[in-house]
Amino acid sequence: MSRLIIVSNRVAPISEGGPAAGGLAVGVYDALKETGGMWFGWSGEVLSSGQPQIQLVEHGPVTFATVGLARRDYDQYYRGFSNATLWPAFHYRADLVHYDRHEFEGYRRVNAWLAGHLVPLLRDDDVIWVHDYHLIPFAEALREAGVKNRIGFFLHIPFPAAQVLLSVPPHRDLVKALCAFDLLGFQTRPDLRAFCDYIVHEAAGQVDDTDGTQPASIRAFGRSLRAAAYPIGVYPDEIAQLAKAGSRGKPVRTMKATLHDRQLIMSVDRLDYSKGLVERFRAFERLLDRSPAFRNRVSFVQIAPPTRADMHAYQDIRLRLEAESGRINGRFAEFDWTPIRYIHRQYERQVLAALFRQSHVGYVTPLRDGMNLVAKEYVSAQDPDDPGVLVLSQFAGAAQELTAALIVNPIDVDGMADALGEALAMPLAERRARYRDMIAQLRDNNVSIWRDNFLRDLNRGAADKPRAVRARAARKAVVA
Ligand code: GDG
């Protein structure tokens, strides 16, 4: 069996039993353990002096290969082009896009430099799976170094509509670089459609017809590749176990004691402007404003651990949230009730799962999100006999699958307040029916299935000759 090589910006922190984090890290690590292989990427260290050295750590059949970044590389590749240009643009925030040509050069330079560290570690039949927007030029860099292996790419964030992508000056270089992979994976069909639309209308490329059961075949920039949607999942039964076990723990007992009989609305997000936190706080305020019966009857807990805290846009969203929660609490709080508990800190997975299980509403309203695993984790953690209700943004990738959630537009404050009111009052029979629909969906597409589908298509490409691409220059691509 071929070895699997995972390449991602950050390599999941390694503990005795493997990576400590959940979801993606666990799913990918399982695959690595089965086939044997390597996880390669940035260690998370920023070096102020000296030459970064590659570190190899073996865990059974898996090698973790990590390397630090020099300060300038961190600034240009990570803080700069990845997170100040691509992240906002791909989340449809053209207003926040910052562009500096030197940072783009740094982004390409670091991709080539990382690829250069991987090349000597590769064997001829290794299969390489690259993850996310930090590493778009990675396959191109490997190809330039003479690597002929199968290389796949999965984009965890949305792929924007062509008109939005055009706001990134080197958009053509980026899409050309994506075409150096053999297989591209997107979270949803709309993301795939946006990519194919760019190929046909902006790159004069060709996309074959597909009914969605097979990857689309694409020809552009003199290259042939395939692309499909592979919605990432979770392990719902494991999360349910974790939630049950955590329910007996101290944090949950404390929370229950302070809630008394009030209903609980829960949100958990990295503190990011794409997650729609300000609009969400305002919708909760609108609910209290319009429906006094909910005052002192409902508490909203927002856990928002810090992320990219050395970037201006993130400092800004933090200040705005602190101001909003302070203002709303000042307006409605009583001696024995704080309406919004906003907690800027990280908690253990088990605590989060247990809190999801205790809550009446999971409130997940990003302005844009590739998938949003929190939505899937919330549903997974519920008690099947007495489940809570998921209120979910139509712009989270998860809304394509979790259609039994209450789907909202995250900028429609009144619409979200309506949905919160409906969720808090929803009869048990309807809650159960919606839960059954969603949990079945999550079991049908768990994270192993996601990973296996992607790797099957990547490996299948090795056996087949790429299907002949039929020219359809005059026709719009039909991909969804
Ligand atoms: C990117 C895409 C896509 C959060 N707070 C804590 C904590 N978390 C965990 C959640 C969840 C994960 O972090 C966040 O995943 P999301 O999917 O919600 O969002 P991003 O971080 O933006 O992830 C996204 C994802 O990649 C996967 O493809 O779905 O669209 O943006 O698992 O539970 N975990 C712990 N403590 C916390 O305080 N332990």
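Residues numbered from 1 in each chain as written. Predicted model: local features only at pLDDT ≥ 70, side-chain atom pairs only at ≥ 80, totals over all residues. Heavy atoms only, no water.

Q: Quick question: what am I supposed to make of the site of the ligand here?
A: In the vicinity of the ligand, 20 residues are found, and the nearest of them are His 156, Tyr 347, Asp 369, Leu 373 and Glu 377. At 2.5 Å from an oxygen atom of the ligand is found a side-chain nitrogen or oxygen belonging to Asp 369. Within the contact set of the ligand, an oxygen atom lies 2.6 Å away from a side-chain nitrogen or oxygen of Glu 377. Look at the ligand: alone it shows 730 Å² of surface, and the protein chains cover 84% of it. Sort the elements by how many residues they give to the shell around the ligand and helix 13 (residues 373-380) lands first, with 3 residues. For the shell around the ligand, the class distribution of residues is 9 nonpolar, 5 polar and 6 charged. A domain split of the shell around the ligand shows at least three residues from each of domain 1 (4-233 + 447-475) and domain 2 (236-444). (Near = heavy atom within 4 Å. Polar contact = N/O pair within 3.5 Å; in protein donor to acceptor, adjacent residues only side chain to side chain. Areas by Shrake-Rupley, 256 points an atom, 1.4 Å probe, with all protein chains shown as cover. Helix = DSSP H or I, 4+ residues; strand = E, 2+ residues; numbered from the N terminus. Nonpolar A, V, L, I, M, F, W, Y, C, P; charged D, E, K, R; others polar. Domains from an automatic or database assignment.)

Q: Please clarify how the sheet that holds strand 8 (residues 150-154) should be interpreted in this entry.
A: Across a sheet, strands are paired by hydrogen bonds formed along the backbone, either parallel or antiparallel in direction. Strand order in the open sheet made by the 10 strands is 5-6-4-1-7-8-9-12-11-10, with mixed pairing throughout. Both outer strands of the open sheet, strand 5 (55-59) and strand 10 (206-207), are each paired with one neighbouring strand and no more. Where strand 9 (residues 183-186) meets strand 12 (residues 223-229), 4 bridges bridge the pair, whose relative direction is parallel. Each residue of the ladder has a partner; that of Phe 186, found in strand 12, is Ala 229. (Pairing = 2+ DSSP bridges.)

Q: Just to check I follow, could you spell out the layout of surface pockets for this structure?
A: Using a probe with the size of a water molecule, rolled over the atoms, empty space left in the structure can be pinpointed. One number sums up the size of the second largest pocket: a volume of about 280 Å³. Together, 18 residues line the second largest pocket, and Gly 212, Ala 228, Ala 229, Tyr 230 and Pro 231 are the ones closest to its centre. Of all elements in the fold, only helix 7 (189-202), strand 12 and helix 16 (447-463) reach the threshold of two or more residues within the lining of the second largest pocket. Top element by residues in the lining of the second largest pocket is helix 16. It accounts for 4 residues. Taken together, the residues of the lining of the second largest pocket break down into 9 nonpolar, 6 polar and 3 charged. (1 Å grid on protein atoms, 1.4 Å probe; cavity = no way out; pocket = protein on both sides within 12 Å on 5 of 7 lines; lining within 4 Å. Points joined across faces, edges and corners; volume = space filled by probe spheres on them.)

Q: I would appreciate a short explanation of the pairing of strand 16 (residues 361-364) in the present structure.
A: Regular strands show a simple pattern: their side chains alternate between the two faces of the sheet. Burial along strand 16 is two-sided: the residues Val 361 and Tyr 363 and Gly 362 and Val 364 are all buried. Sheet topology note: the strand 13 (residues 263-268)/strand 16 ladder contains 2 bridges and is parallel. Pairing of Ile 265 across the sheet is with Val 361, part of strand 16. With 4 bridges joining them, strand 16 and strand 17 (residues 389-393) adopt parallel strand pairing. If you follow Val 361 over to strand 17, its bridge partner there is Val 389. (Buried < 20%, exposed > 50% of the residue type's maximum accessible area, 1.4 Å probe, protein only.)

Q: Explain the sheet that holds strand 16 to me, please; I cannot follow it from the model alone.
A: Read across the sheet, 6 strands follow the order 15-14-13-16-17-18 without closing on themselves; strand pairing throughout is parallel. Across the chains shown, the open sheet's two edge strands, defined by having one partner strand only, are strand 15 (340-343) and strand 18 (406-408). Shown here is a sheet whose adjacent strand axes are inclined to one another by a mean of 20 degrees, direction ignored. Relative to strand 14 (residues 298-303), strand 13 runs parallel, the two being bridged by 6 bridges. Bridge assignment links Val 268 to a residue of strand 14, and that residue is Ile 303. (Axes fitted to C-alpha atoms, helices over the stretch in contact; angles between N-to-C directions.)

Q: What should I look at first to understand the nonpolar core in this one?
A: Buried together is how nonpolar side chains tend to be arranged in soluble globular proteins. In this structure, Phe 138, Phe 159 and Phe 195 are the most contacted members of the largest nonpolar core, which totals 102 residues. For this core, the leading source of residues is helix 2 (residues 71-90), giving 9 residues. Per-domain counts for this core show at least three residues from each of domain 1 (4-233 + 447-475) and domain 2 (236-444). Leaving out residues up to four positions away in the same chain, Phe 138 has contacts with Val 7, Phe 40, Asn 111, Leu 114, Ala 115, Leu 118 and Val 130. In this structure, Trp 39, Ile 343, Ala 396 and Ala 399 belong to the second largest nonpolar core, which totals 62 residues. (Core = buried A, V, L, I, M, F, W, Y, C linked by side-chain atoms within 4.5 Å. Contact = heavy atoms within 4.5 Å.)

Q: Could you clarify how one ought to interpret the pattern of salt bridges in this entry?
A: For side chains of opposite charge, pairing can occur when their charged atoms come near one another. Summed over the entire model, instances satisfying the criterion amount to 29 salt bridges. Taking the shortest distance from any N to any O, the salt bridge between Arg 290 and Asp 414 comes out at 2.9 Å. Of this pair, Arg 290 sits in helix 10 (residues 277-290) while Asp 414 sits in helix 14 (residues 413-424); the two residues are 124 residues apart in sequence, bridging distant segments of the chain. Judged by relative accessible area, Arg 290 falls into the partly exposed class, the value being 38%. Taking relative accessible area as the criterion, Asp 414 reaches 33% and is therefore assigned partly exposed. For Asp 457, the salt bridge is made with Arg 456, and the minimal N-O distance between the two is 3.1 Å. Here the residues in one salt-bridge network are Arg 282, Glu 285, Asp 289, Glu 324, Arg 327 and Arg 331, joined through shared partners. (Salt bridge = Lys/Arg side-chain N within 4 Å of Asp/Glu carboxyl O.)

Q: How should I be thinking about empty space enclosed by the protein in this particular structure?
A: Considering all chains together, one arrives at 2 cavities of 30 Å³ or more under this definition. For the lining of the largest cavity, a count of residues per class yields 7 nonpolar, 1 polar and 2 charged. A volume near 30 Å³ is recorded for the second largest cavity. Surrounding the second largest cavity, Phe 104, Arg 108, Pro 137, Glu 140, Asp 173, Leu 174 and Ala 177 form its lining. Elements represented by at least two residues in the lining of the second largest cavity include exactly helix 3 (101-118) and helix 6 (171-178). Broken down by element, the lining of the second largest cavity gets its largest block of residues, 3 residues, from helix 6. The class makeup of the residues in the lining of the second largest cavity is 4 nonpolar, no polar and 3 charged.

Q: Even after reading the chapter, I still don't get the environment of Gly 233, so can you show me in this structure?
A: Here Gly 233 lies in the loop between strand 12 and helix 8 (236-246). As a C-alpha pair, Gly 233 and Pro 292 span 59 residues in sequence and 38 Å in three-dimensional space.

Q: So what exactly am I meant to see when it comes to the state of the cysteines here?
A: By definition, a disulfide is the covalent link that joins the sulfur atoms of two cysteine residues. Counting across every chain of the model gives 0 disulfides. In this structure Cys 179 is not part of a disulfide, and its nearest cysteine sulfur, from Cys 196, lies 9.9 Å away. (Disulfide = S-S within 2.5 Å.)

Q: I would appreciate a short explanation of the packing of helix 2 against helix 3 in the present structure.
A: A packed helix pair is summarised by two numbers, namely the angle formed by the two axes and the spacing between the axes. In the contact formed by helix 2 and helix 3, the axes pass within 8 Å of each other and the chain directions differ by 115 degrees. Crossing geometry of helix 2 relative to helix 3 is assigned as left-handed. Every residue of helix 3 that contacts helix 2 at Arg 72, Asp 73, Gln 76, Tyr 77, Gly 80, Phe 81, Ser 82 and Leu 86 is listed here: His 102, Glu 103, Phe 104, Gly 106, Tyr 107, Arg 109, Val 110, Asn 111 and Leu 114. (Left-handed = near helix turned anticlockwise from the far one by under 90°.)

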